[in-house]
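# Analysis of the macromolecular model
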Amino acid sequence: MIYLDAIRAGEGLCAGQGFPFDLPMVRALEALDFDAPVTFLVGENGSGKSTLLEAIAAGMGCVAIGSADIARDPTLEAARALAAELVFVRRRYPRTKTFFRAEDAFGFTKRVIGEIADLEAMEEDFRGALPDGSWGQQLAMGVARDQRGAYQARYGEDPDGFSHGETFLGVLKSRLTPKGLYLLDEPETPLSPTRILALLSLLMDCVTADCQFIIATHSPILMALPDARILHFDEAGIAPVPYDDIEHVAVTRAFLNDPKRFLRRL
């Protein structure tokens with residue numbers, strides 16, 4: 001299922017000044033089609049893949065899984081400016097639209113912990129402010145307790161008691177629901193190779209549940225997802241590339257085949 005079919009350059013895109021409008025991928029951008037359920041954005045650091053992903057998240061009105069919403073996150077100011085100069089083409093509407101950066105996992109966990117603590121404090125406030133045993137006290141405390149229980153059922157009794165990778169995968173699993181559009185920025189960052197394979201399996205399952213993903217990544221493991229479209233970012237702009245022609249894949253493969261040859265050059 002495809003929810004975002006394409007993005008097009010708006011009339012004011014070429015007139016933009018400074019970052020991110022001076023990025024080669026922005027200067028060369030005319031149109032970009034998303035014709036597969038999973039699209040990977042790949043390229044060197046600084047090529048603009050994360051910036052474009054963030055702009056898509058802002059332009060599509062995605063919910064950010066993190067410590068701040070997209071509209072108020074100061075680190076996404078440039079992305080919001082770029083989004084304002086893009087045209088988003090879509091024929092279908094997803095049930096949910098979510099943006100998740102790997103570095104936001106801990107920020108989101110702190111946000112959840114804060115919400116749980118606030119609800120627990122609210123219960124105690126109701127306990128002291130309302131007549132003991134009254135219907136009003138029981139109702140008010142019950143609402144706060146149920147909301148706290150819902151958070152704990154979804155994210156665990158102690159959301160802060162996991163590693164970065166466990167937190168990331170746990171939050172991701174809890175938020176991926178059928179018929180959703182999901183934008184993920186370098187989700188492999190906190191994960192071991194085994195857990196990257198677990199993420200790969202999760203993505204494949206979600207595709208069968210009518211989800212669309214656009215993912216910025218450096219991981220050759222993730223890029224191997226069957227039938228995914230891979231878009232490469234470089235000084236010339238953005239272009240589709242076969243898996244075996246990706247530099248990340250070639251370098252990783254060559255290193256694993258003969259690590260001593262690479263280490264001799266260091």
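## Structural notes on the overall build of the protein
- For the protein, the count of helices and strands is 10 helices and 10 strands.
- When burial is assessed residue by residue, the protein has 45% of its 266 residues classed as buried.
- Across the protein, the fraction of contacts at a sequence separation of at least 24, relative to all contacts at a separation of at least 6, is 76%.

## A word on the nonpolar core
- Counting 34 residues, the largest nonpolar core has Ile7, Leu52, Ile56, Leu82, Phe99 and Leu183 as its most contacted members.
- Secondary-structure elements contributing two or more residues to this core are helix H1 (24-28), helix H2 (49-59), helix H3 (77-83), strand E5 (86-89), strand E7 (180-185), strand E8 (212-216) and strand E9 (229-234).
- For this core, the leading source of residues is H2, giving 5 residues.
- Those residues in contact with Ile56 that lie beyond four places of it in its chain are Leu4, Ile7, Phe34, Phe88 and Leu183.
- The next biggest cluster of nonpolar side chains, apart from the first, holds 30 residues, and it includes Val38, Leu169, Phe213 and Ile246.

## Here's the deal with the sheet that holds strand E1 (residues 6-9)
- Strand order in the open sheet formed by 3 strands is E2-E1-E5, and the pairing between neighbours is antiparallel. Among the strands making up the open sheet, the edge pair consists of strand E2 (31-33) and E5. In this sheet, neighbouring strand axes are inclined to one another by 15° on average, regardless of whether the strands run parallel or antiparallel.
- Taken together, the 4 bridges between E1 and E5 define a ladder with antiparallel strand orientation. From the neighbouring strand, Ile7 faces E5, where its bridge partner is Phe88.

What counts, and where the lines are drawn
Residues numbered from 1 in each chain as written. Predicted model: local features only at pLDDT ≥ 70, side-chain atom pairs only at ≥ 80, totals over all residues. Heavy atoms only, no water. Helix = DSSP H or I, 4+ residues; strand = E, 2+ residues; numbered from the N terminus. Buried < 20%, exposed > 50% of the residue type's maximum accessible area, 1.4 Å probe, protein only. Contact = heavy atoms within 4.5 Å. Core = buried A, V, L, I, M, F, W, Y, C linked by side-chain atoms within 4.5 Å. Pairing = 2+ DSSP bridges. Axes fitted to C-alpha atoms, helices over the stretch in contact; angles between N-to-C directions.

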